[in-house]
Amino acid sequence: MNTAKPNVGEPIEQMSFPCLGSTNEVTVGQPKDRWTMMFVYRGKHCPRCKRFLGKLNAMLAAWTDVMDVVVVSSDTEEKAASDLEEFGWDFDLCYGMTEAQMRSLGLYVSEPLSEAETTGLFAEPGAFGIRPNGTLMLVDISNGPAARPDLEELLDGMKFNIENNRPERGTA
């Protein structure tokens, strides 16, 4: 099933996710005071996600100086809690992303290869830069675990975009 790409410059669908950590629930797509970078990861079954999220955690203070960070997967609360306990990340870990939410963001959605991987549909990786007014400024999606943005480059680019009030690209 193909999913349409999200439209940069347009509001994203407002969606909320339950979270582990200091915040019980996070909502994106509504006006707020700060920019948000939302990272979608595949879930507990993905070792590449753990490396990526470990790198994000190591530079989390640099990110949160500039914007809010949301990290979410379709995992259950139990799987998310197990990861948070094992890896000790400092960001709030959101879970329970629905298939409808995945598709509204234009994410690639995969079926598990086996029950050892996971038991339900899950989103492939994505990163979404969201303006304070709830519109998408930047979209980075992948159809598999190996393609991820370089977090230092992404942060540097987002700082430039924010400081210079850059317009969305890819709208032609």
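Here's what I pulled together on the structure shown here. (Residues numbered from 1 in each chain as written. Predicted model: local features only at pLDDT ≥ 70, side-chain atom pairs only at ≥ 80, totals over all residues. Heavy atoms only, no water.)

Thoughts on the nonpolar core
- In terms of nonpolar packing, the biggest core is built from 28 residues, with Phe39, Leu56, Trp63 and Val71 touching the most fellow members.
- Of all the elements in the fold, those that place two or more residues in this core are strand 3 (36-40), helix 1 (47-58), helix 2 (60-64), strand 4 (68-72), helix 3 (77-87) and helix 5 (151-163).
- Contacts of valine 71, omitting those with residues within four sequence positions, involve Phe39, Tyr41, Leu53, Leu56, Phe91, Asp92, Leu93 and Cys94.
- By size, the runner-up hydrophobic cluster in this structure holds 20 residues, among which are Val28, Val40, Val72 and Leu136. (Core = buried A, V, L, I, M, F, W, Y, C linked by side-chain atoms within 4.5 Å. Buried < 20%, exposed > 50% of the residue type's maximum accessible area, 1.4 Å probe, protein only. Helix = DSSP H or I, 4+ residues; strand = E, 2+ residues; numbered from the N terminus. Contact = heavy atoms within 4.5 Å.)

Quick word on the layout of surface pockets
- Roughly 300 Å³ of internal volume is contained in the largest pocket.
- Together, 13 residues line the largest pocket, and Val8, Met137, Val139, Arg169 and Gly170 are the ones closest to its centre.
- Class assignment of the residues belonging to the lining of the largest pocket gives a composition of six nonpolar, four polar and three charged. (1 Å grid on protein atoms, 1.4 Å probe; cavity = no way out; pocket = protein on both sides within 12 Å on 5 of 7 lines; lining within 4 Å. Points joined across faces, edges and corners; volume = space filled by probe spheres on them. Nonpolar A, V, L, I, M, F, W, Y, C, P; charged D, E, K, R; others polar.)

What about the state of the cysteines?
- The full count for this structure, using the stated rule, is one disulfide.
- A sulfur-sulfur separation of 2.1 Å characterises the disulfide bridge that pairs cysteine 19 with cysteine 94. Between cysteine 19 and cysteine 94, the S-S dihedral sits near 65 degrees, and the bridge is therefore right-handed. Linking cysteine 19 in strand 1 (residues 15-20) with cysteine 94 in strand 5 (residues 93-94), this pair joins segments that are 75 residues apart in sequence.
- Relative accessible area serves as the criterion here: at 6%, cysteine 19 is assigned to the buried category.
- A relative accessible area of 1% places cysteine 94 in the buried class.
- For cysteine 46, which is in no disulfide, the shortest distance to another cysteine sulfur is to cysteine 49 and amounts to 3.1 Å.
- Residue class for cysteine 46 comes out buried when judged on its relative accessible area of 2%.
- For cysteine 49, a relative accessible area of 0% gives the class buried. (Disulfide = S-S within 2.5 Å.)

Some remarks on helix 5
- For helix 5, with 13 residues, the first-to-last C-alpha span of 18 Å sits near the 18 Å given by 1.5 Å per residue.
- Along helix 5, the positions that sit buried rather than exposed are Leu151, Leu154, Leu155, Met158 and Asn161. Buried residues in helix 5, looked at end-on, bunch into an arc of 125 degrees, giving them a common side. For helix 5, exposure combined with an orientation more than 90 degrees from the buried face picks out Glu152, Glu153, Asp156 and Glu163.
- Of the surrounding secondary structure, the elements contacted by the buried residues of helix 5 are strand 3, helix 1, helix 2, strand 8 (126-130) and strand 9 (136-141).
- A distance of 3.0 Å separates the backbone nitrogen of glutamate 152 from a side-chain oxygen at the start of helix 5, and that oxygen is part of aspartate 150.
- Looking at the residues trailing helix 5, positive phi occurs at asparagine 165, about 45 degrees. (Expected span 1.5 Å × (residues − 1). Arc of directions from axis to C-beta. Polar contact = N/O pair within 3.5 Å; in protein donor to acceptor, adjacent residues only side chain to side chain.)

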